[in-house]
Amino acid sequence: MLAYVIRRMLQMVPTLFGIMLLLFVLFNWVGGDPSYILAGKNLNAQTLANIRTQLGLDQSQGAQFLIFVRQVLTLDFGTSWSTQQSVAGILAARVGPSVMVTGTILLVASGLALLIAAWIAYVRGSLTDRLVTMACTTAMSVSALVYIIAGQYGLAYKLGWFPVIGWSDSLALNLALYLPLPVLLGVLVALAPELRFYRSCFVEEMGHDYVRTARAKGLSERVVMLKHVMRNALIPIVTSLMMSLPHLLVGALLLERFFAIPGMGNEVLMAVERSDFPVIKAITVYVAAATMI
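Our subject in this report is the structure included herewith. (Residues numbered from 1 in each chain as written. Predicted model: local features only at pLDDT ≥ 70, side-chain atom pairs only at ≥ 80, totals over all residues. Heavy atoms only, no water.)

**Points about the layout of surface pockets**
Point 1. The calculated volume of the largest pocket comes to roughly 510 Å³.
Point 2. Among the secondary structure elements, those contributing two or more residues to the lining of the largest pocket are α5 (87–122), α7 (144–158), α9 (180–206), α11 (221–244), α12 (247–250) and α13 (253–258).
Point 3. It is α9 that provides the largest number of residues to the lining of the largest pocket, a total of eight residues.
Point 4. Classifying every residue of the lining of the largest pocket gives 17 nonpolar, six polar and one charged. (1 Å grid on protein atoms, 1.4 Å probe; cavity = no way out; pocket = protein on both sides within 12 Å on 5 of 7 lines; lining within 4 Å. Points joined across faces, edges and corners; volume = space filled by probe spheres on them. Helix = DSSP H or I, 4+ residues; strand = E, 2+ residues; numbered from the N terminus. Nonpolar A, V, L, I, M, F, W, Y, C, P; charged D, E, K, R; others polar.)

If you want it as structure tokens, here you go:
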């Protein structure tokens, strides 16, 4: 086991290096010159030269990449090019709202999908099973953007059940007022694909020989489902959930943007719009490392 862990950790090194190289090439060769964006209306040769000197963009590509490597090794990505704030401080302030939104969506959607999938698998082949499958397929065909716009317009703007946008520094106020609608819409988006996947895991396990053996021993269907089938069906489900954990760092981009939630997803979009390379580097490296771990 120790040898396996060490081997996997060593494999992370070239993978992370490749991600860093790809990110550097995309930003420097495809992303354009960020000094034009940062110069704003004061666009002249002297201003551009000063900005490039301050940001280190006047150095060679090799020197800039070595600086990037040093930042990754020390986990110090410097300051934001657009706000002049510490990148570490920006991310520390943004990760909390993102984890609140995406973490709550993950827990609620996974719990509901698990319970409904077990019930649907139990009545597999019935009219209820077919109707739920059709509903899931239809729901998966609708863009997440449609859910957000329709929910925000209908439930928040027209009916006034929730605030249209907003976020505060109070945890209690966020949980009671600003979090319910984004979480509701996020659960609606995530529930259908998770429900179909969980159902397939249950149905696959119910066709194995150990299930027939358990029934032949006289065990009730409830015991067979909860003690035998669910235990084995949870293996791919837990694996899928673990692969979803790194997405907690990124947050829900559309939800955060539409509901003005100051999370990591919103910060990613703003950093891309402003060509804020230090913030983009930090988020990409952290998410890549979390995914590999």
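**Looking at unusual backbone geometry**
Point 1. We note that Leu-75 has phi near 55°; this positive angle belongs to a residue other than glycine.
Point 2. Secondary-structure assignment places Leu-75 in the loop between α4 (61–74) and α5.
Point 3. Although it is not a glycine, Ala-260 sits at a positive phi angle of roughly 55°.
Point 4. For Ala-260, a relative accessible area of 37% corresponds to the partly exposed category. (Buried < 20%, exposed > 50% of the residue type's maximum accessible area, 1.4 Å probe, protein only.)

**Description of the packing of α5 against α9**
Point 1. Where α5 contacts α9, the two axes come as close as 6 Å, and the packing angle between them is 40°. One finds that α5 runs oblique with respect to α9. For the crossing formed where α5 meets α9, the hand is right-handed.
Point 2. When the residues that make up the contact of α5 with α9 are grouped by side-chain class, the tally is 24 nonpolar, three polar and two charged. (Axes fitted to C-alpha atoms, helices over the stretch in contact; angles between N-to-C directions. Parallel < 35°, antiparallel > 145°, perpendicular 65-115°, else oblique. Left-handed = near helix turned anticlockwise from the far one by under 90°.)

**Observations regarding α4**
Point 1. For α4, spanning 14 residues, the distance from its first C-alpha to its last is 20 Å, which sits close to the expected 20 Å at 1.5 Å a residue.
Point 2. Regarding α4, the residues found buried are Gln-64, Phe-65, Phe-68, Gln-71 and Val-72. Looking down the long axis of α4, one finds its buried residues gathered within 115° of arc, a one-sided arrangement. With respect to the buried face of α4, the exposed residues turned more than 90 degrees away are Leu-66, Leu-73 and Thr-74.
Point 3. Two residues or fewer after α4 comes Leu-75, characterised by a positive phi angle close to 55°. (Expected span 1.5 Å × (residues − 1). Arc of directions from axis to C-beta.)

**Considering the side chain of Gln-64**
Point 1. Looking at the element boundaries, Gln-64 is found in helix α4.
Point 2. In contact with Gln-64, not counting residues within four places along its chain, are Phe-24, Asn-28, Gly-56, Leu-57 and Gln-59. (Contact = heavy atoms within 4.5 Å.)

**Section: the packing of aromatic side chains**
Point 1. Overall, the coordinates contain seven aromatic pairs when judged by the stated rule.
Point 2. Ring centres 5.7 Å apart and planes at 85° place the aromatic pair Phe-17 and Phe-65 in the edge-to-face group. Here Phe-17 is found in helix α1 (residues 2–30), whereas its partner Phe-65 is found in helix α4, with 48 residues between them in sequence.
Point 3. Given a relative accessible area of 12%, Phe-65 falls into the buried group.
Point 4. Among the aromatic residues, those joined into a cluster by ring pairs are Phe-17, Phe-24, Phe-65, Phe-68 and Phe-277.
Point 5. We note Lys-281 situated over the ring of Phe-277; from NZ or CZ to the ring centre the distance is 4.9 Å. (Phe/Tyr/Trp six-rings, centres within 6.5 Å; stacked < 30°, edge-to-face > 60°. Lys NZ or Arg CZ within 6 Å of the ring centre and 35° of its normal.)

**With respect to the state of the cysteines**
Point 1. Taken as a whole, this structure holds zero disulfides when the rule is applied.
Point 2. Among the cysteines around Cys-136, which has no disulfide bond, Cys-201 carries the closest sulfur, lying 14 Å off.
Point 3. Taking the relative accessible area as the measure of exposure, Cys-136 reaches 6% and is therefore buried.
Point 4. Exposure remark for Cys-201: the relative accessible area of 6% places this residue in the buried category. (Disulfide = S-S within 2.5 Å.)

**Considering the pattern of salt bridges**
Point 1. Taken as a whole and assessed by the stated rule, the structure comprises three salt bridges.
Point 2. Glu-267 serves as the salt-bridge partner of Arg-94, at 3.0 Å between the closest nitrogen and oxygen. A residue pair is termed long-range when its members are at least 10 positions apart, and Arg-94 in helix α5 and Glu-267 in helix α14 (residues 264–273) qualify at 173 residues.
Point 3. For Glu-267, a relative accessible area of 2% corresponds to the buried category.
Point 4. Asp-209 serves as the salt-bridge partner of Arg-212, at 2.0 Å between the closest nitrogen and oxygen. In this pair, Arg-212 and Asp-209 are both assigned in helix α10 (residues 209–216), three residues apart and thus about one turn of the helix distant.
Point 5. You can call Arg-212 partly exposed: its relative accessible area is 46%.
Point 6. Asp-209 gets classed as exposed once you look at its relative accessible area, which sits at 52%. (Salt bridge = Lys/Arg side-chain N within 4 Å of Asp/Glu carboxyl O.)

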